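So the chains spell out like this:
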Amino acid sequence: MQQKRIIVDCMGGDRAPGEMLAGAVAAKAALGGEYLLVGVRAEMESAARARSIDLSAFELRDAGSVIGMEDDPMCVLHAKKDSSMAVALRALRDGEGDAVVSTGNTGALFPGASLIVRRMQGIHRAAIATVLAFEKPTLLMDSGANVTVQPDFLPQFAVMGSAYMKGLFGIEMPRVGLLNNDTEACKGTPMQTEAYRLLSGMPGIRFVGNVEPNALPFDVCDVAVTDGFTGNICLKAYEGVSKFILRGLKDIFMTSALTKLSALGVKKPLARFRKKVDTAEYGGSPILGLCKPVIKAHGSSDARAIYNAIRQAISFVDSGIIDDITANISYMRVDKHAAKECD
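Criteria and thresholds
Residues numbered from 1 in each chain as written. Predicted model: local features only at pLDDT ≥ 70, side-chain atom pairs only at ≥ 80, totals over all residues. Heavy atoms only, no water. Helix = DSSP H or I, 4+ residues; strand = E, 2+ residues; numbered from the N terminus. Buried < 20%, exposed > 50% of the residue type's maximum accessible area, 1.4 Å probe, protein only. Contact = heavy atoms within 4.5 Å. Areas by Shrake-Rupley, 256 points an atom, 1.4 Å probe, with all protein chains shown as cover. Lys, Arg positive; Asp, Glu negative; His and termini not counted. Charge placed at Lys NZ, Arg CZ, Asp CG, Glu CD. Polar contact = N/O pair within 3.5 Å; in protein donor to acceptor, adjacent residues only side chain to side chain. Salt bridge = Lys/Arg side-chain N within 4 Å of Asp/Glu carboxyl O. Pairing = 2+ DSSP bridges. Right-handed = clockwise from strand over helix to strand, strands pointing away. Core = buried A, V, L, I, M, F, W, Y, C linked by side-chain atoms within 4.5 Å. Disulfide = S-S within 2.5 Å. pLDDT = per-residue confidence, 0-100.

Turning our eyes to something else, we now look at the overall build of the chain. Looking only at helices and strands, the chain has 11 helices and 11 strands in total. In terms of overall dimensions, the chain has a C-alpha envelope of 65 × 60 × 40 Å along the principal axes. Sorting the 343 residues of the chain into buried and exposed places 50% on the buried side. Put simply, 72% of the contacts in the chain that link residues at least 6 apart link residues at least 24 apart. Surface summary for the chain: the accessible area is close to 15800 Å², and the carbon and sulfur share equals 54%. Seen as two clouds, the 39 positive and the 38 negative side-chain charges of the chain have centres 4 Å apart.

Structure (structure tokens):
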């Protein structure tokens, strides 16, 4: 199998550039491949010296600026087109790598990727797809890119999400659920009821109806589709509850000498549980609907999360997901009149 070349935007995250560099080094050692590290060269070299990281095996590309969390999203195309994010995306567009990994500002990365790397032909909107680490992984999309959507965007999210779960998790016909406040067909806002109607009439996907957020951990669907505003709230609630539970378990086992002793007996199961709900295990979220893979890693990512994001990027490239979506574009052209009416 041909080695992949991953472009890493080393600036913009809370721990940039040190953790990005350390993650890239770990990925190269374990996964092989080639890497283009984009950032402010002086800062990257300084961080490498401080951590005793040898960058001689990596190509470095200097960037003139960094996009901060307070910057206008469109600055990636105008005021800061020399930023590490913009340079990385243009390098991907121009064929200098197979995928981009970035911890930068989501508000800038999404339009930058959509307009520089470009959306696939026929896709209304790209969307951020995030794996929720339940008993069986569930893909949530959109998880934050499109605050508002049209009902006919969601069937496209369903097709793209199904292709992702098939390509990376081997699920032949992923179950697609529409995230809603109830399971009945006519519940929700007009957007949800119309999306339900369109999804019900779609060939090529396995639609299982409305799913409630509290049911997601219990294997009700493989792909949950929604607008980016609702999806992002759902994602952050999940992340907060996961941290609350893990902190609560730690407090319980540290209460007394007896509970500390008890903790030794369940040390391995607890470690497995912690790993299962740790968002860093998946590393980042792909932006589906683009012509080439772009992975958005969390702004607070450490080296392990960056390593996992790079691993995910390589798997994405190898999976043929983009080809699968392209081959199924026809499924997205929903006949709105043929779709079932809501009783």
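Past the structure itself, the notes keep going.
The residue aspartate 71 is located in the loop between β3 (59–62) and α3 (84–93) in this model. One polar contact links the side chain of aspartate 71 to the main-chain amide nitrogen of glycine 68, over a distance of 2.7 Å. In terms of polar contacts, aspartate 71 uses its side chain to reach the side chain of lysine 80, at 2.8 Å. If sequence neighbours within four positions are ignored, aspartate 71 has contacts with Val66, Lys80 and Asn105.

For the rest of this paragraph, the subject is the pattern of salt bridges. Going through the model one piece at a time under the given rule, you end up with 16 salt bridges. As a salt-bridge pair, aspartate 318 and lysine 4 come within 2.7 Å of each other at their nearest N and O atoms. Within this pair, whereas aspartate 318 is found in helix α10 (residues 303–319), its partner lysine 4 is found in the segment before β1 (5–9), the two being separated by 314 residues in sequence. The partner of aspartate 222 in a salt bridge is arginine 175, and the shortest N-O contact between them spans 3.1 Å. With aspartate 222 in the loop between β8 (206–211) and β9 (223–225) and arginine 175 in strand β7 (residues 175–179), this pair connects stretches of sequence that are 47 residues apart. There is no split in this pair, since aspartate 222 and arginine 175 are both buried. When salt bridges with common partners are traced through the structure, they connect Arg5, Glu34, Glu59, Arg61 and Glu96 into a single cluster.

Another aspect to go through is helix α6 (residues 190–200). Along α6, the residues classified as buried are Met191, Gln192, Ala195, Tyr196, Arg197, Leu198 and Leu199. For α6, the secondary structure elements touched by its buried residues are α5 (153–169), β7, β8 and β9.

What follows deals with the pairing of β7. Within β7, five of the five residues are buried, leaving the element largely enclosed by the surrounding structure. Residues of β7 alternate between two faces, with Arg175, Gly177 and Leu179 on one and Val176 and Leu178 on the opposite face, all of them buried. Bridge count for β7 against β8 is four bridges, and the pairing is parallel. The partner of leucine 178 across the bridge, within β8, is asparagine 210. Handedness of the β7-α6-β8 crossover: right-handed. Here three bridges tie β7 to β9, and the two strands are oriented parallel to one another. Bridged to leucine 178 within β9 is valine 225.

So, about the side chain of serine 65. Secondary-structure assignment places serine 65 in the loop between β3 and α3. Within the local environment of serine 65, its side chain forms a polar contact with the side chain of aspartate 82, the two groups lying 2.7 Å apart. Every residue in contact with serine 65, bar those within four places of it in the chain, is listed here: Lys80, Asp82, Ser83 and Ser84.

One finds Leu37 and Ile310 to be the most contacted residues of the largest nonpolar core, which totals 61 residues. With nine residues, α5 is the single largest residue contributor to this core. Not counting residues up to four positions away in its chain, the partners in contact with leucine 37 are Val8, Cys10, Leu21, Ala24, Met44, Leu55, Phe58, Glu59, Leu60 and Arg61. One finds Leu36, Val87, Ala88 and Val294 within the second-largest nonpolar core, a separate group that totals 27 residues.

Right, let's talk about unusual backbone geometry for a bit. When glycine is set aside, most residues are seen to have a negative phi, and most peptide bonds are trans. Omega for the bond connecting alanine 16 with proline 17 falls within 30 degrees of zero, at -5°, which places this linkage in the cis form. Mapped onto the elements, proline 17 comes out in the loop between β1 and α1 (18–31). Cis geometry is found at the peptide bond from methionine 141 to aspartate 142, where omega equals 10°. With respect to the helices, strands and loops of the structure, aspartate 142 is situated in the loop between β6 (138–141) and α5.

As a further point, take the state of the cysteines. Across all of its chains, the model carries zero disulfides by this definition. Left without a disulfide partner, cysteine 10 is nearest to the cysteine sulfur of cysteine 75, which lies 18 Å away. Given a relative accessible area of 0%, cysteine 10 falls into the buried group. We note that cysteine 234 lacks a disulfide partner, and the nearest cysteine sulfur, in cysteine 221, lies 10.0 Å from it.

Looking now at the environment of isoleucine 295. Tracing the chain through its elements places isoleucine 295 in strand β11 (residues 294–297). It is 9.7 Å that separates the C-alpha atoms of isoleucine 295 and valine 8, two residues lying 287 residues apart in sequence.

Attention now goes to the confidence of the model for the chain. Scored by pLDDT, the chain has a mean of 89; 94% of the residues are at 70 or more. Long-range and interchain partners of residues 334–343, a stretch whose pLDDT sits below 50, account for 15 contacts in this model, where long-range means more than four residues apart.

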